[in-house]
Amino acid sequence: MEVHGTVYYETQRPPEVPPFVKNHGLLPQHELQTLLRRAKLFIGFGFPYEGPAPLEAIANGCIYLQPKFHPPHSSLNHEFFRGKPTSREVSSQHPYAEQYIGRPHVMTVDFNNSQEFDTAIREIMRTKVEPYLPYEYTCEGMLERLHAYIQHQDFCSPEAPFPPANVSSKTKWPASSGPQFILLPNSSALTWAPNASAPQSWPPLSSLRLLASQEGQSCVEACQRADLVCEPALFRFINNKAALGGLEVQCEVVEAEVNHVFPAFSVLRRECGLQKDPLLYSCAGFSPKYRRVCPCRDYRRGQVALCRDCL
């Protein structure tokens, strides 16, 4: 295959690309689309993260080959994230393409493993794909998402507190007689009990799937492994003793602290922590000492931002 590139350069300076690369320079959008339609393979070199170019390539019929990061890039090991207030770990250059598009349109391999890379290239040479555009990136998908956001949320009123403000610390909550969380059939996840009282929420509580992560595992990863997504808006409904009780966690001590890993619990020490500051609810936080209490939710195929009951 020929190797083409679109690396910007000034006429007085030669482009800093290898001689075997056919460099087109900075192309107008329509010329870039034409080039992508002629191409078979679009390669990512690890940066920038989550850019639009891979999605445009896939939509024009290319297979996207990207590097898998071992270990995942984060503020602990990569200059780009260093100093940024986030615990997020990025497993590849384009995690969305890796998780929600996948093969045959997307291949994510270890670029440092020459055998794995060579196998991927040979597979790509044998594979024929049609242009693919995820529904959520179409105009209709965008409008559907926008409609759901506007119709189901009230931006003019403050969010109702949970538990309700008129419930004193001495009052048992929830007020209903049954449990607040029940086990889903054929699953290790819990969901909100239909008879448990709660204020209106978005996403709806019917989408909630309560899980406990492993030690050192974020809620992003725990939910992902269950084919779910972590939903920060639902943290306020699981930041309580009822959620810990539903997960059958043995707590000798329950304390509220300002810690982005909470709500969480330590099996070894039988300590449980609830989040004191709602601004610190984090899907990405993790600690080798704790198992996270995670507000996962289901999602619509091709419209990850919306739950199954969101329309």
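A quick note: this is a predicted structure, and the numbers were derived from the prediction, not measured.

Student: Explain the overall build of the chain to me, please; I cannot follow it from the model alone.
Tutor: Counting secondary structure elements, the chain contains eight helices and 14 strands. Judged by the C-alpha coordinates and their principal axes, the chain covers about 75 × 40 × 40 Å. Counting across all 311 residues of the chain, residues that qualify as buried make up 41%. Taking the intrachain contacts of the chain between residues at least 6 apart in sequence as the baseline, contacts between residues at least 24 apart amount to 58%. When the 30 positive and 31 negative side-chain charges of the chain are each reduced to one mean point, those points stand 3 Å apart.

Student: How do you make sense of the environment of Leu 65 when you look at a structure like this?
Tutor: Relative to the helices and strands, Leu 65 resides in strand 4 (residues 63-73). Residue Leu 65 is classed as buried on the basis of its relative accessible area, which comes to 0%. Taking the C-alpha atoms as reference points, Leu 65 and Val 109, 44 residues apart in sequence, are found 7.6 Å from one another. With residues near it in sequence (within four places) discarded, Leu 65 still touches Leu 41, Phe 42, Ile 43, Gly 44, Met 107, Val 109, Phe 111, Phe 117, Ala 120, Ile 121 and Ile 124.

Student: Help me understand the nonpolar core, please; the structure alone is not making it clear to me.
Tutor: A general trend in soluble globular proteins is that nonpolar side chains are found buried together. Core analysis: the biggest nonpolar cluster contains 32 residues, and Phe 181, Trp 192, Leu 208, Leu 210, Ile 238 and Leu 244 have the highest contact counts within it. For this core, the elements supplying multiple residues, two or more each, are strand 8 (190-192), strand 9 (208-212), helix 6 (219-225), helix 7 (235-238), helix 8 (241-246), strand 13 (271-275) and strand 14 (291-297). Leaving out residues up to four positions away in the same chain, Leu 208 has contacts with Phe 181, Leu 190, Thr 191, Trp 192, Leu 234, Ile 238, Pro 295 and Cys 296. Counting nine residues, the second largest nonpolar core, distinct from the first, contains Leu 41, Ile 63, Ile 121 and Ile 124.

What counts as what
- Residues numbered from 1 in each chain as written.
- Predicted model: local features only at pLDDT ≥ 70, side-chain atom pairs only at ≥ 80, totals over all residues.
- Heavy atoms only, no water.
- Helix = DSSP H or I, 4+ residues; strand = E, 2+ residues; numbered from the N terminus.
- Buried < 20%, exposed > 50% of the residue type's maximum accessible area, 1.4 Å probe, protein only.
- Contact = heavy atoms within 4.5 Å.
- Lys, Arg positive; Asp, Glu negative; His and termini not counted.
- Charge placed at Lys NZ, Arg CZ, Asp CG, Glu CD.
- Core = buried A, V, L, I, M, F, W, Y, C linked by side-chain atoms within 4.5 Å.

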